[in-house]
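This is what each chain is made of:
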Amino acid sequence: MNQKHDFDLARERMVRQQIEARGVSNPVVLAVMREVQRHLFVPEAYQARAYDDCPLPIGHGQTISQPYMVAVMTELLKLKGHEKVLELGTGSGYQASILARLARWVYTLDRIPELSEKAHRNTDACGITNLTFIVADGTKGWPNEAPYDAILITAGAPTVPEPVFDQLSEGGRMVIPVGDRFSQTLRVVQKKQGLKKVESYFECRFVDLVGEHGWSET
Ligand code: SAH
């Protein structure tokens, strides 16, 4: 058995046991989780654990999210394929790649230049090209390309950052973990007649969203 074969098997097992078995059922989301090679987005030292049921360190005190969390957040966005998407928290670029496979274009922001650069190389290696990498404080959104049909925040926020909500299209969906620094609730925030319609899902734990409309640096 070669290593590629091992990774392919591990990925198939990840999708069945961690994602499908826990209720993610959108066939398009499942197909992309089967397709994108997660091991290309984790540091070499962790590659053998790339398909484990947990987040993994990617340097700078940050993590690549647990596969199940990536799948659930993606499913909650209900992408159809035509969307312009904003992601806050590029990290490894794995989630951004999943989104890019399901939408027209993805703008992904991180505040740490080294992570953004590495993520860009990772997506290039996967042949994914419909995304733009930006180094900036994502709590202010990215007004240059607003409005966005969908927004995903992959770091824990104290509240929904108002500038980011302002940049959501009417009828658009935002998925965001909101809470304190230790535990958050995964929320879907829709814009209906300019107002927030909020649904809460389950408890989760993300690294901090640090910025002007997020947490302050410790
Ligand atoms: N989506 C990533 C995981 C994100 S980890 C993946 O698929 O690998 C959270 C990321 O949010 C970290 O890389 C961190 O640097 C970034 N982050 C935290 N605060 C931010 C802010 N205000 N703006 C942009 N990125 C931020």
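This one's a predicted model, so the numbers in the text were calculated from it and none came from an experiment.

Asks: Got a sec to walk through the packing of helix H3 (residues 67–77) against helix H4 (residues 94–102)? Specific residues and values, please.
Replies: Helix-helix packing: each pair is described by the crossing angle between the helix axes and the interaxial distance. Close contact between H3 and H4 brings their axes to 11 Å; oriented N to C, the two are set at 35°. Considering how the two elements wind past one another, H3 and H4 form a crossing that is right-handed. For the pair formed by H3 and H4, the contact residues are Val70, Met73, Thr74 and Leu77 on the first element and Tyr94, Gln95, Ile98, Leu99 and Leu102 on the second. Classifying every residue of the contact of H3 with H4 by side-chain character gives 7 nonpolar, 2 polar and no charged.

Asks: Could you give an account of the pattern of salt bridges, naming the residues involved and the relevant values?
Replies: Under the definition given, this model contains 12 salt bridges. Glu12 is paired through a salt bridge with Arg16; the nearest N and O atoms lie 2.9 Å apart. One end of the pair is Glu12 and the other is Arg16, both in helix H1 (residues 3–20) and 4 residues apart, which spans about a single turn. Classification of Glu12 as partly exposed rests on a relative accessible area of 23%. Of the charged contacts in the structure, one is a salt bridge between Asp52 and Arg49, with a shortest N-O distance of 3.5 Å. With a relative accessible area of 31%, Asp52 lands in the partly exposed category. A relative accessible area of 40% means that Arg49 is categorised as partly exposed. Shared partners join several salt bridges into a network, and the residues in it are Glu12, Arg16, Glu20 and Arg34.

Asks: Just give me the short version of the environment of Arg22, but keep the residues and values in it.
Replies: Within the secondary structure, Arg22 sits in the loop between H1 and helix H2 (27–35). Classification of Arg22 as partly exposed rests on a relative accessible area of 38%. Expressed as a C-alpha distance, the spacing of Arg22 and Val72, which sit 50 residues apart in the sequence, is 9.6 Å. Side-chain polar atoms of Arg22 contact the backbone oxygen of Gln18, separated by 3.2 Å. At a separation of 2.5 Å, a polar atom in the side chain of Arg22 contacts the side chain of Asp53.

Asks: A description of the side chain of Glu87 should follow, citing residues and the corresponding values.
Replies: Its location among the elements puts Glu87 in strand S3 (residues 84–88). One buried charged residue, Glu87, remains without a salt bridge, the closest side chain of opposite sign being Arg38 at 11 Å. Polar side-chain contacts of Glu87 include one of 2.7 Å to the side chain of Thr108. Excluding residues that lie within four positions of it along the chain, Glu87 makes contacts with Gln95, Ala96, Leu99, Tyr107, Thr108, Leu109, Leu152 and Thr154.

Asks: How would you summarise the pairing of strand S8 (residues 184–192) if you had to cite specific residues and measurements?
Replies: Counting buried positions along S8 gives 7 out of 9 residues, so the element sits mostly inside the fold. For strand S7 (residues 168–179) and S8, the ladder comprises 7 bridges, and the chain directions are antiparallel. In the sheet register, Gly179 faces S8, and the bridge partner there is Gln184. The antiparallel hairpin formed by S7 and S8 contains 4 residues in its connecting segment. Examined bridge by bridge, S8 and strand S9 (residues 195–204) share 8 bridges and lie antiparallel to one another. Looking at S9, one finds that Lys191 is bridged to Lys196. Remark: 2 residues form the turn of the hairpin made by S8 and S9, two consecutive strands paired antiparallel; Gln193 in that turn has positive phi of roughly 50°.

Asks: Tell me about the site of the ligand, and name the residues and values.
Replies: With respect to spatial proximity, 26 residues lie near the ligand, and among them Gly89, Ser92, Asp110, Gly138 and Val210 are the closest. Within the side chain of Glu87, one N or O atom sits 3.1 Å away from a nitrogen atom of the ligand. Contact between the ligand and Gly138: a nitrogen atom at 2.7 Å from a main-chain N or O atom of the residue. Within the complex, 99% of the 580 Å² of free accessible area of the ligand lies under protein. The site holding the ligand turns out to be the largest pocket. When residues of the shell around the ligand are traced back to their parent elements, those giving at least two are strand S2 (62–64), H4 and strand S4 (105–110).

Conventions used here
Residues numbered from 1 in each chain as written. Predicted model: local features only at pLDDT ≥ 70, side-chain atom pairs only at ≥ 80, totals over all residues. Heavy atoms only, no water. Axes fitted to C-alpha atoms, helices over the stretch in contact; angles between N-to-C directions. Helix = DSSP H or I, 4+ residues; strand = E, 2+ residues; numbered from the N terminus. Left-handed = near helix turned anticlockwise from the far one by under 90°. Contact = heavy atoms within 4.5 Å. Nonpolar A, V, L, I, M, F, W, Y, C, P; charged D, E, K, R; others polar. Salt bridge = Lys/Arg side-chain N within 4 Å of Asp/Glu carboxyl O. Buried < 20%, exposed > 50% of the residue type's maximum accessible area, 1.4 Å probe, protein only. Polar contact = N/O pair within 3.5 Å; in protein donor to acceptor, adjacent residues only side chain to side chain. Lys, Arg positive; Asp, Glu negative; His and termini not counted. Pairing = 2+ DSSP bridges. Near = heavy atom within 4 Å. Areas by Shrake-Rupley, 256 points an atom, 1.4 Å probe, with all protein chains shown as cover. 1 Å grid on protein atoms, 1.4 Å probe; cavity = no way out; pocket = protein on both sides within 12 Å on 5 of 7 lines; lining within 4 Å. Sits in = over half its atoms within 2 Å of the grid points.

Geometric values such as these leave the question of function open.
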